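For reference, the chains in residue letters:
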Amino acid sequence: MLDPGESPSLANSGQGDTVHEGQRPRTGLAASTRRWFDTQANDAASANIDEYRIDWLRAVPFIAMHLACIAVLWVGVSSVALWVAAALYAVRMFALTGFYHRYFSHKTFRTSRAVQFLFALVGAACVQRGPLWWAAHHRNHHRHADTALDPHSPGLRGFLWSHAGWFLTPHAFRTDWSRIPDLAKYPELRWLDRYDTLVPVVLAALLYGLGVLLEHTQPQLGTSGGQMLVWGFFVSTIVLFHATVTINSFAHRFGKRRFDTRDDSRNNVWLALITFGEGWHNNHHFFPGTVRQGFRWWEVDVTWYVLRLMAMFGLVRDLKPIPAWVTAKVRG
Ligand SMILES: [Zn+2]
Ligand SMILES: [Zn+2]
C-alpha cells in the first residue's frame, strides 16, 4: 500500500503538469506498454510530446477489446451467455452511475468504507479506469463544462473526440490529484486506481472459468469458456462503455434544455433509459448536488430507485434531496 509520502502523484498534488528534472519524454513502446498495467509508471508530463494527440500504442487494449467482440462469430451464442452479459451490464452501469458518478464524483450520499470499496471494485470492473481518475476528470468536467478546459466537450475537438478520443491522450491519462483530496486519502482506492487493469483481468478469467465449468457440468446450456468470455466480458464491457460515454457526447448535443445552464447539457429520455438515469444531464448540470437526476416523477432514474432501496437496508445514507427552490423552478 502506498503512503501519501511515497506516492509520486500525491507528492505532486496540484502540480500534475510539472516536468521534473531528469525525466525524459515518456512515449515509446516501453513507457506506453508499462502504463497498460501500472498507470503511475512515468506519470509525468513532458514538454516534448503533444498532450492532446492520441497515443495509439497505449490505446491498443481499447481497440483490441472492440475487435475481440467479433469473436462471437466463432464462439456462438446461448441464452445463459446473453443473460450474464446483460446482468454484468446492469450491475456495472449501476456502479458507474450510483458510485463513480453520484458518490465518488459528487458526494450526494454517504456510505461505509466497506460499501465504498465494494462498489469501487465493481466500478473498476467496467474498464473505465479507477474511481479516483474517473472522479477527478468528472469534477473537472463540471468545473469547466463546455469551455476550453473541459476534458471532453463535443464543442471543443468534435463529437468523436468527446465520445472516444479524449481519454486516449497523454493529457487525460493522469489523475488530477488536486481535484480529489477527499478520495485520495484512502489507500485502497489509490491502489485500485494505480493498478486499474487488475480487476477487469480477474473478471475475464472468472467468466472464462465459469464457462468451462458450465460446459462440463451443464452441457444442455450450450455455453463454453470462450462464449462467456466474449459475451460476458468483451461485448458487455464495450456496450457498457459506449452507453456511458453517450453522456459526454450525445447528452451535450441532443435533447431538451430545461435550464439555461452555462454549458450545453441536455435532457434526453433515451439516454436516461440506457444509463439508468444519467440522461437527465441538463438537470444534473443545473444542480449536481442532489442524488437524483430525474427531477419529475416521470423522469425515469433507475439509479435513484436502487439507491433508495439500498438506503432502506442501511447500506447508504443521507441521500441529498432536490432542494425546494429547484423543485419550484421545475414546476414553473
Ligand atoms: Zn456534462
Ligand atoms: Zn456529474
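Residues numbered from 1 in each chain as written. Chains lettered and ligands numbered in written order. Predicted model: local features only at pLDDT ≥ 70, side-chain atom pairs only at ≥ 80, totals over all residues.

> Could you clarify how one ought to interpret the overall build of the protein in this entry?
Along the protein, the regular secondary structure elements total 18 helices and two strands. Taking all 332 residues of the protein together, 39% fall into the buried category. For the protein, contacts bridging at least 24 residues in sequence account for 68% of all contacts bridging at least 6. (Helix = DSSP H or I, 4+ residues; strand = E, 2+ residues; numbered from the N terminus. Buried ≥ 20, exposed ≤ 12 C-beta atoms within 10 Å, placed from the backbone. Contact = placed C-beta atoms within 7 Å.)

> What is the right way to read the packing of helix α7 (residues 131–143) against helix α12 (residues 187–194) from this model?
Packed helix pairs are characterised by how far apart their axes lie and by the angle those axes make with each other. Running from amino to carboxyl end, α7 crosses α12 at an angle of 90°, the nearest separation of the two axes being 7 Å. Classed by the angle they form, the pair α7 and α12 counts as roughly perpendicular. Each of Pro 131, Leu 132 and Trp 133 in α7 lies in contact with α12, whose residues at this interface are Leu 189, Arg 190, Leu 192 and Asp 193. In terms of residue class, the contact of α7 with α12 is built from five nonpolar, no polar and two charged. (Axes fitted to C-alpha atoms, helices over the stretch in contact; angles between N-to-C directions. Parallel < 35°, antiparallel > 145°, perpendicular 65-115°, else oblique. Nonpolar A, V, L, I, M, F, W, Y, C, P; charged D, E, K, R; others polar.)

> Mind showing me how you'd approach the packing of helix α5 (residues 79–105) against helix α17 (residues 302–312) here?
Interaxial distance between α5 and α17 falls to 10 Å at its minimum, and their mutual angle equals 80°. Between α5 and α17, the interaxial angle falls into the category roughly perpendicular. Where α5 approaches α17, its residues Phe 94, Thr 97, Gly 98 and Arg 102 are matched on the opposing element by Thr 303, Val 306 and Leu 307. Residue composition of the contact of α5 with α17, grouped by class: three nonpolar, three polar and one charged.

> What is the right way to look at helix α6 (residues 113–124) in this model?
An α-helix turns once per 3.6 residues; consequently, residues spaced three or four apart project the same way. Here α6 contains twelve residues, and its C-alpha end-to-end distance of 16 Å stays within 8% of the 16 Å for a straight helix at 1.5 Å per residue. What α6 keeps buried is the set Gln 116, Phe 119, Ala 120, Val 122, Gly 123 and Ala 124. Of the surrounding secondary structure, the elements contacted by the buried residues of α6 are α5, β1 (110–111), α7, α12 and α13 (198–217). (Expected span 1.5 Å × (residues − 1).)

> Any chance you could explain unusual backbone geometry here in plain terms?
Backbone phi values are negative for most residues with the exception of glycine, while trans is the configuration of most peptide bonds. With a phi angle near 60°, Val 127 is a residue other than glycine that sits in the positive phi range. In this fold, Val 127 is placed in the loop between α6 and α7. Judged by local crowding, Val 127 falls into the buried class, with 22 C-beta atoms found within 10 Å. The backbone of Asp 318 sits at a positive phi, close to 55°, despite the residue not being glycine. Among the secondary structure elements, Asp 318 is positioned in the loop between β2 (316–317) and α18 (324–331).

> What am I meant to see in the environment of Pro 323 here?
With respect to the element layout, Pro 323 can be found in the loop between β2 and α18. Given 12 C-beta atoms within 10 Å, Pro 323 falls into the exposed group.

> When you look at the environment of Phe 276 in this model, what are you seeing that I'm missing?
Examined against the element boundaries, Phe 276 turns out to sit in the loop between α15 (269–274) and α16 (281–286). Put simply, Phe 276 and Val 306 are 30 residues apart on the chain and 9.8 Å apart in space, counted from C-alpha to C-alpha. Residues in contact with Phe 276, not counting those within four places in the same chain, are Met 93, Phe 94, Thr 97, Val 302 and Thr 303.

> Just checking my understanding: could you explain the nonpolar core for this structure?
The nonpolar side chains of soluble globular proteins are, as a tendency, buried together. With 42 residues, the main nonpolar core has Ala 95, Leu 132 and Ala 135 as its most contacted residues. Elements that contribute at least two residues to this core include exactly α5, α6, α7, α11 (181–184), α12, α13 and α14 (225–245). Residue contacts for Ala 95: discarding those within four places in its chain leaves Tyr 100, Phe 119, Val 122, Gly 123 and Cys 126. Core analysis: the second largest hydrophobic core is formed by seven residues, Phe 250, Ala 251, Leu 271 and Trp 280 among them. (Core = buried A, V, L, I, M, F, W, Y, C linked by C-beta atoms within 7 Å.)

> Sorry, what's going on with the environment of Tyr 100 here?
Locating Tyr 100 in the fold gives a position in helix α5. C-alpha of Tyr 100 to C-alpha of Ala 120: the two residues are 20 residues apart in sequence and 7.2 Å apart in space. Those residues within four positions of Tyr 100 in sequence are excluded, and the remaining contacts are Ala 95, Ser 105, Gly 123, Pro 131, Trp 134 and Ala 135.

> Where do I start with α17 in this structure?
For α17, the full list of buried residues reads Thr 303, Trp 304 and Leu 307. Mapping the buried residues of α17 onto a view down its axis gives an arc of 95°, with all of them on the same face. Opposite the buried face of α17, by more than 90 degrees, sit the exposed residues Leu 309 and Met 312. Looking at the buried positions of α17, the neighbouring elements they touch are α5 and β2. (Arc of directions from axis to C-beta.)

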